[in-house]
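# Structure at a glance
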Amino acid sequence: MNCPYCGYHDSRVIDSREINDGIRRRRQCLKCESRFTTYERLQPAGLFVIKKDQRREEFNRDKLLTGIRKACEKRPLPSGTVDKIAEDIEAELYQSGKLEIPTSVIGDMVMERLKNLDHIAYIRFASVYREFTDITTLKELVDALASAEARRTPPTNQLPLLSTEELEELAGRGRQKSRPKSEPLHLS
Ligand SMILES: [Zn+2]
């Protein structure tokens with residue numbers, strides 16, 4: 001893993017310790033000397049994800065992590081939140097005992113967690129995962145969030161919704177990444 005502070009590719013291990021289902025290593029960057037921790041998991045073999053085009057691919061925790069991390073970029077979330085979400089989902093997947101899981105199921109699991117955590121991260125993740133192609137669909141999602149929010153008691157730590165400018169920016173980003181056909185949007 002690259003140093004999370006300066007991005008340098010090499011580090012030395014200061015301490016390593018076995019935890020439940022993996023190894024926790026304390027590392028020090030060889031360049032900036034910052035310290036950080038990595039967890040190496042002993043991954044049970046044979047969990048596959050089925051992609052939209054029906055191709056199968058071995059489950060990759062890093063991919064999951066990258067997707068969530070992107071959505072949570074620069075959001076004021078407690079450190080370790082992203083890793084915790086990925087860990088929870090991974091654990092749930094393995095505990096399900098299934099050998100093949102559609103990517104849509106994993107995407108929904110991420111959405112569900114982000115929805116309760118941070119609306120902007122949720123919308124960002126949705127805009128990539130659901131492949132929004134225009135601002136209308138995005139607006140619908142935001143409106144659904146807002147009305148769901150209005151129906152229940154406001155949580156104390158929820159962050160504000162997106163401004164119009166941010167929506168437009170997201171829609172623009174969605175457009176660049178969009179593929180010809182987008183999936184229908186399901187709002188709960
Ligand atoms: Zn460094």
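Residues numbered from 1 in each chain as written. Predicted model: local features only at pLDDT ≥ 70, side-chain atom pairs only at ≥ 80, totals over all residues. Heavy atoms only, no water.

Each helix and strand in the protein was counted, giving six helices and six strands. Of the roughly 11900 Å² of accessible surface on the protein, 50% is carried by carbon and sulfur atoms. (Helix = DSSP H or I, 4+ residues; strand = E, 2+ residues; numbered from the N terminus. Areas by Shrake-Rupley, 256 points an atom, 1.4 Å probe, with all protein chains shown as cover.)

Another aspect to go through is the coordination of the zinc ion. Surrounding the zinc ion are the protein donor atoms C3 (SG), C6 (SG), C29 (SG) and C32 (SG), at 2.3 to 2.4 Å. Because the angles between the four donor atoms bound to the zinc ion fall within 106 to 112°, the donor set is best described as tetrahedral. Taken in chain order, the donor set of the zinc ion reads C-x2-C-x22-C-x2-C. Remark: C29 occurs in strand β2 (residues 22-29) and C6 occurs in the segment before β1 (11-19); sequence separation between them is 23 residues. With relative accessibility at 2%, the residue C29 sits in the buried group. (Donors = N, O, S within 2.8 Å, 3.2 Å for Na, K, Ca; no water. Tetrahedral: all angles 85-135°; square planar, octahedral: opposite > 155°, others 65-115°. Buried < 20%, exposed > 50% of the residue type's maximum accessible area, 1.4 Å probe, protein only.)

Right, let's get into the pairing of β1. Examined bridge by bridge, β1 and β2 share eight bridges and lie antiparallel to one another. Residue pairing for β2: V13 is matched across the bridge by R27. Hairpin remark: β1 followed by β2, antiparallel, with two residues in the connecting loop. (Pairing = 2+ DSSP bridges.)

This part takes up the sheet that holds β2. The antiparallel open sheet is built from three strands, whose spatial order is β1-β2-β3. Lying at the two open borders of the sheet, with one neighbouring strand each, are β1 and β3 (35-41). Adjacent strand axes in the sheet meet at a mean angle of 25° when their direction is disregarded. As judged from the seven bridges shared by β2 and β3, these two strands associate in the antiparallel manner. (Axes fitted to C-alpha atoms, helices over the stretch in contact; angles between N-to-C directions.)

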